[in-house]
Amino acid sequence: MGKNVVVVGGGPTGMWLACELRLAGVPTVVLEQDVDIDQHSRALTVHPRTIETLALRGAHGDLLAEGGRIPSGHFAVLDDRLDFRPLDTDFPFTLTIPQARTTELLQARAVALGADVRRGHRVTDCAATGAEATGGEVADGVVDGGEVAVSVQGPDGAYVLEAAYVVGCDGTRSLVRERAGIDFDGTRFTALGALADVVLADPPSGPVTSEWTTDGTLMLVPLSGGRHRIALHSPEDLRTDWPGEPTLEEIRARVRRIAGTDYGMHSPSWLSRYGNTSRLARHYRKGRFLLAGDAAHQHMPMGGVGLNVGVQDAMNLGWKLAATLQGRAGDALLDTYHDERHPVGADTIEHTQAQTALMAGFSPQGSALRSLLGKLIAQQPQLRDALAGRLSGLSVQYPPPGPHHHPLTGHRAPNLRLSDTEHLFDLLRDGRPVLVDFGCVDGLGTGGVDARTNRYRCPPGGEQSRPAWAAVSAALIRPDGYVGWASDETDPDALSAETGKAVAALHHPEPEHPEPERHHA
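So, here's what we can say about the structure. Residue numbers run consecutively from 1 along every chain, following the written order of its sequence. Only residues with pLDDT of at least 70 are given local features in this predicted model, and only at 80 or more are side-chain atom pairs given and counted; all residues enter the totals for whole chains, interfaces and linings. Side-chain descriptors were evaluated using all non-hydrogen atoms of the structure, hydrogens and water having been removed beforehand.

**Some remarks on the overall build of the protein**
This is how the line gets drawn: Numbering of helices and strands starts at the N terminus; helices are DSSP runs of H or I of at least 4 residues and strands are runs of E of at least 2. In this description the radius of gyration comes from C-alpha coordinates, and the expected globular size is given by 2.2 Å times residues to the power 0.38. A simple rule labels every residue: compare its accessible area, found with a 1.4 Å probe on the protein chains alone, to the largest value its type can have, and call it buried under 20%, exposed over 50%, or partly exposed in between. Note on areas: these come from Shrake-Rupley sampling with a 1.4 Å probe, and a residue is covered only by the protein chains present in the view. Under the convention used here, Asp and Glu are negative, Lys and Arg are positive, and both His and the chain ends fall outside the count. Charge placement uses NZ in Lys and CZ in Arg. For Asp and Glu, CG and CD serve respectively.
The secondary structure content of the protein amounts to 12 helices and 28 strands. The globule rule puts the C-alpha radius of gyration for 521 residues at 24 Å, and the 24 Å found for the protein is close to it. C-alpha extents for the protein along the principal axes are approximately 70 × 60 × 40 Å. Taking all 521 residues of the protein together, the buried fraction comes to 55%. For the protein, the computed accessible surface area is about 21,100 Å², with 51% contributed by carbon and sulfur atoms. Once the 48 positive and 65 negative side-chain charges of the protein are each reduced to a mean point, those two points are 4 Å apart.

The following block contains the structure:
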């Protein structure tokens with residue numbers, strides 16, 4: 001069996017996955033049917049957790065330099081925006097930057113790391129070969145001898161690639177998902193929205209303009225090049241038929257009805273319509289086929305979460321797929337990709353559908369519900385912060401591996417200050433897990449800590465200001481920045497024993513289900 005991966009789809013999700021695989025030394029080919037990066041995209045926002053994800057690899061600088069910073073987000077365009085500034089992150093803001101530019105930056109990184117990015121190469125088929133296609137013997141959860149044959153139509157003709165794994169990052173109409181036979185369960189749209197990228201002769205001031213009335217919802221965000229993005233939802237959008245793409249006159253009339261002005265809009269560069277169709281792949285992995293991003297989950301583009309969830313899918317998958325391919329981990333580790341990210345996809349759909357219902361409540365009753373919820377959010381800081389944590393992606397946590405675990409296990413690790421010169425994120429740039437010895441236990445052994453894991457011992461006198469971390473003596477941080485294990489143990493021998501077990505368990509977790517129940521072809 002080969003040790004390579006084919007990524008189908010060259011958007012932000014596919015490019016970031018390629019970056020992670022190449023960082024680990026995995027031969028990676030990215031196949032994208034479009035010759036050029038699409039300059040028209042609905043995604044404009046990069047959320048705090050996604051910025052952190054890139055910062056874990058030192059890949060966030062250009063985005064910070066080029067993106068506009070908005071220290072808040074919206075929930076269903078309620079009057080009071082969600083304040084990100086109290087969140088425990090170095091990046092308490094969203095960045096406004098076109099998806100095309102995000103893709104360009106991630107593609108440049110992938111190529112620099114050695115990924116073979118092939119634009120203008122369309123995948124026409126993919127199928128399991130060898131023992132996997134015929135039901136061979138299973139070893140460690142993987143059918144022996146299996147590969148995937150990927151049929152491609154390129155500029156110079158048709159060809160076939162063979163890969164150990166194929167990852168579908170090819171959008172909601174994913175060919176990879178179809179060929180893998182993975183169901184895409186969900187509901188068809190019942191509400192629509194419209195987008196327009198235009199020039200405004202008389203633009204409003206401020207980074208974001210939003211308004212909700214019983215005549216509709218309006219959001220305005222400035223773009224580069226003197227343009228603005230308009231997003232609209234109106235009562236006539238509550239329908240199950242497709243009326244075609246909007247016209248400029250339709251957009252003008254709807255904006256005037258909501259805001260009393262059309263801001264002198266002219267020269268549209270893009271007019272588009274979208275819906276709240278919501279679907280979730282039943283499995284994120286089936287044998288040697290994997291799904292990430294929009295190929296795994298489809299939802300209303302509410303709050304710009306789609307790009308962000310996709311990149312975070314890729315971050316979760318990349319290190320696991322690399323470790324499995326290179327023999328550093330058992331196959332059970334790769335199955336945890338579905339176990340951890342599938343619930344996030346389901347939660348995203350619930351989150352966006354709830355917002356759709358609130359935004360589409362164009363009635364006295366809907367207005368009253370929005371008013372009541374807005375007041376509760378303003379009056380209840382815990383509710384406000386919970387919604388901000390969800391939208392920002394910072395509140396995502398993964399199920400701990402067993403019943404006996406530290407409260408931090410499965411939670412994202414913030415960028416802890418470990419010394420005068422070192423922060424936690426600095427230690428994760430090479431994509432390997434790191435064992436942090438907080439220096440409060442003398443004689444902590446290194447048994448079980450091998451070359452797969454970096455180790456850092458904090459200098460004496462250090463103290464964590466965060467209450468949840470104050471008593472932690474050691475922690476194992478996964479390559480994706482989540483806590484794999486932590487301990488408050490103060491006995492050196494006991495802590496050393498715990499550490500060795502934790503490092504081994506990170507790469508060889510106990511299967512959640514008996515082998516016969518695995519979702520393998």
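Moving on, there is more to tell.
**Here's the deal with the environment of Val309**
Heads up, the rule is: A contact between two residues is defined here by any heavy atoms of the two lying within 4.5 Å.
Structurally, Val309 can be placed in helix H8 (residues 305-325). Judged by relative accessible area, Val309 falls into the buried class, the value being 8%. A sequence separation of 32 residues divides Val309 from Arg341, and the C-alpha atoms of the two residues are 9.2 Å apart. In this view, Val309 contacts His297, Arg341, Val344 and Thr348; residues no more than four positions away in its chain are not counted.

**What to know about the sheet that holds strand S22 (residues 285-286)**
Note the cut-off: In this description, strands pair whenever DSSP reports at least two bridges between them. Only C-alpha atoms enter the line fits that serve as axes; for helices the fit covers just the stretch in contact. Angles between N-to-C directions range over 0 to 180 degrees.
Sheet architecture is open: 6 strands sit in the order S8-S2-S1-S14-S23-S22, paired in mixed fashion. Whereas interior strands pair on both sides, the edge strands pair on one side only; in this sheet they are strand S8 (116-119) and S22. Relative to S8, strand S2 (residues 28-32) runs parallel, the two sharing 4 bridges. Paired with Val29 across the bridge in S8 is Asp116. The strands that helix H1 (residues 12-23) touches are strand S1 (5-8), S2, S8 and strand S14 (165-168); relative to S2, the one it contacts most, it runs at about 170°. With respect to the sheet, H8 is in contact with S1, S14 and strand S23 (289-291), its orientation differing from that of S14 by roughly 170°.

**A short note on unusual backbone geometry**
Even without glycine at this site, Tyr263 takes up a positive phi of about 60°. Mapping Tyr263 onto the fold places it in the loop between helix H7 (248-259) and strand S20 (265-275).

**Some remarks on the pairing of strand S21 (residues 278-281)**
Where strand S15 (residues 184-187) lies against S21, 4 bridges are found, and the strand directions are antiparallel. Pairing of Asp185 across the sheet is with Leu280, part of S21. The sheet contact formed by S21 and strand S24 (residues 297-298) spans 2 bridges and is antiparallel. Directly across from Arg279, in S24, lies its bridge partner Gln298.

**Details of the nonpolar core**
Applicable threshold: Working definition of a nonpolar core: buried Ala, Val, Leu, Ile, Met, Phe, Trp, Tyr and Cys residues. They are joined through side-chain atoms within 4.5 Å.
One finds Val150, Leu424, Trp469 and Ile477 to be the most contacted residues of the largest nonpolar core, which totals 86 residues. For this core, the leading source of residues is H8, giving 8 residues. The contacts of Leu424, once residues within four sequence positions are left out, are Ala413, Pro414, Asn415, Leu416, Leu418, Val434, Val436 and Ile477. Formed by 27 residues, the second largest nonpolar core is a distinct cluster that contains Tyr274, Met359, Leu394 and Tyr398.

**Some words on the packing of aromatic side chains**
Pairs of aromatic rings are described using the distance from one ring centre to the other and the angle between the two planes. What counts, and what does not: Side-chain rings of Phe, Tyr and Trp, where Trp is taken by its six-membered ring, are said to pair if the distance between their centres is within 6.5 Å; with planes under 30 degrees apart they count as stacked, over 60 as edge-to-face, and otherwise as tilted.
In this structure the tally under the stated criterion is 6 aromatic pairs. Between the aromatic rings of Tyr398 and Tyr482, the centroid separation amounts to 4.6 Å while the plane-to-plane angle is 40°, which identifies the pairing as tilted. In this pair, Tyr398 is assigned in the loop between helix H11 (381-392) and strand S25 (434-437) and Tyr482 in the loop between strand S27 (474-477) and strand S28 (483-487), connecting sequence segments 84 residues apart. The burial state of Tyr398 is the same as that of Tyr482; both residues are buried.

**Some remarks on the packing of helix H10 (residues 364-379) against H11**
Note the cut-off: Geometric relationships in this document are graded by angle, where less than 35 degrees denotes roughly parallel, more than 145 denotes roughly antiparallel, 65 to 115 denotes roughly perpendicular, and other angles denote oblique.
Running from amino to carboxyl end, H10 crosses H11 at an angle of 100°, the nearest separation of the two axes being 5 Å. In terms of orientation, H10 lies roughly perpendicular with respect to H11. On the side of H10, the interface is formed by Leu376, Ile377 and Gln379, while H11 contributes Pro381, Leu383, Arg384 and Leu387.

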